[in-house]
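Chain residues, written in single-letter form:
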Amino acid sequence: MPNKPAAGTSAQQGFVYLPLIAGWLVPGAGHFLLGKWVRGLLLAAAIVLMFALGLAMHGKLYTGAQDILDILGMVGDLGNGALFFVGRLMGLGADPVQVTTADYGSKFIVVAGLLNVIAAVDAHNLRTGRKES
Amino acid sequence: MFRPSHFTAVLLFALFASTVFGITQRETPRRMFRYGIYCFALFVGSAIVLSWVMFLIAR
């Protein structure tokens, strides 16, 4: 069964992966591009706040690939898109985890990245018409 | 440094995750809201139940 096109002419024009890529790079941006302002704002607020609270708890941004858990952590962190790269450039999340709340923070950052991937895929589904509204 | 209690961390985690789940997994605003509340309740409820289970096992 063919996919239904999303409502509006803008959904049928241009690069189909733009909302996916924009949503990955900037949380909520994929939904903003599709005119879903409230959803985009709520998604951006949830993901950015989760990432920021993770850093505020002295959570770790994974960079190395010493073992499988570090690799998985880095994959999750990369889901944050630009937040991850900006955080690394600013030297955030580089301290070793020494207290319990820092461990919570590391998990917050990883989960924020995974949630951002879900949000970006949702924007892609809206763009292709797989999700109706 | 932000130092939440374990339960506060659970509440924050559940709030953010259920917000994203609600918006992305349902199609209408009403169903999104209801699914978000449902996910939030499951996150917090399961954390409380598992905490009691671990407490009882540790005794």
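Analysis parameters
- Residues numbered from 1 in each chain as written.
- Chains lettered and ligands numbered in written order.
- Predicted model: local features only at pLDDT ≥ 70, side-chain atom pairs only at ≥ 80, totals over all residues.
- Helix = DSSP H or I, 4+ residues; strand = E, 2+ residues; numbered from the N terminus.
- Rg over C-alpha atoms; globule rule 2.2 N^0.38 Å.
- Buried ≥ 20, exposed ≤ 12 C-beta atoms within 10 Å, placed from the backbone.
- Expected span 1.5 Å × (residues − 1).
- Axes fitted to C-alpha atoms, helices over the stretch in contact; angles between N-to-C directions.
- Parallel < 35°, antiparallel > 145°, perpendicular 65-115°, else oblique.
- Left-handed = near helix turned anticlockwise from the far one by under 90°.
- Contact = placed C-beta atoms within 7 Å.
- Nonpolar A, V, L, I, M, F, W, Y, C, P; charged D, E, K, R; others polar.
- Core = buried A, V, L, I, M, F, W, Y, C linked by C-beta atoms within 7 Å.
- pLDDT = per-residue confidence, 0-100.

I would appreciate a short explanation of the overall build of chain B in the present structure.
Looking only at helices and strands, chain B has two helices and zero strands in total. In terms of overall size, chain B is more extended than a compact globule, its C-alpha atoms giving a radius of gyration of 14 Å where 59 residues would be expected to give roughly 10 Å. In terms of principal-axis extent, the alpha carbons of chain B reach across some 45 × 30 × 10 Å. Within chain B, buried positions represent 20% of all 59 residues.

Before we go on, may I ask you to explain helix H6 (residues 100-128) of chain A in this structure?
Each α-helix turn comprises 3.6 residues. Residues three or four places apart therefore point the same way. Between its first and last C-alpha atoms H6 of chain A spans 43 Å; for 29 residues at 1.5 Å apiece the expected length is 42 Å, and the two agree. Positive phi shows up at Gly129 of chain A, right after H6 of chain A, with a value of about 95°.

What am I meant to see in the packing of helix H1 (residues 18-25) of chain A against H6 of chain A here?
Helices that pack against each other are described as a pair by the angle of their axes relative to one another and the distance between those axes. Residue and element names in this part refer to chain A. Interaxial distance between H1 and H6 falls to 8 Å at its minimum, and their mutual angle equals 160°. With respect to H6, the axis of H1 lies roughly antiparallel. At the point where H1 passes H6, the crossing takes the right-handed sense. In this structure, H1 uses Pro19, Leu20, Gly23 and Trp24 to contact H6, whose residues at the interface are Asn116, Val117, Ala119, Ala120, Val121, Ala123, His124 and Arg127. Across the contact of H1 with H6, the residue classes tally to eight nonpolar, three polar and one charged.

Explanation requested: the nonpolar core in the structure shown.
By size, the foremost hydrophobic cluster in this structure holds 38 residues, and its most contacted members are Ala46, Ile47, Met50, Phe108, Ala112 and Leu115 of chain A together with Val20 of chain B. Elements with a minimum of two residues in this core: H1, helix H2 (29-33), helix H3 (37-56), helix H5 (82-89) and H6 of chain A together with helix H1 (6-25) of chain B. Ranked by residues supplied to this core, first place goes to H6 of chain A with eleven residues.

Sorry if this is basic, but what is going on with the confidence of the model for chain A here?
Detail in the predicted coordinates should be disregarded across regions flagged by low pLDDT. Averaged over chain A, the pLDDT score is 90; the fraction of residues at 70 or greater is 91%. Across residues 4-11 of chain A, confidence stays below pLDDT 50; counting only partners more than four residues off in sequence or on other chains, it has eleven contacts.

Any chance you could explain the packing of H3 of chain A against H1 of chain B here in plain terms?
Where H3 of chain A contacts H1 of chain B, the two axes come as close as 10 Å, and the packing angle between them is 150°. Judged by the angle between their axes, H3 of chain A and H1 of chain B are roughly antiparallel. Remark: the crossing between H3 of chain A and H1 of chain B carries left-handed chirality. Between H3 of chain A, through Arg39, Leu42, Leu43, Ala46, Leu49, Met50 and Leu53 of chain A, and H1 of chain B, the contact on the second element is made entirely by Leu12, Phe16, Thr19, Val20 and Ile23 of chain B. Among the residues making up the contact of H3 of chain A with H1 of chain B, the classes are represented as ten nonpolar, one polar and one charged.

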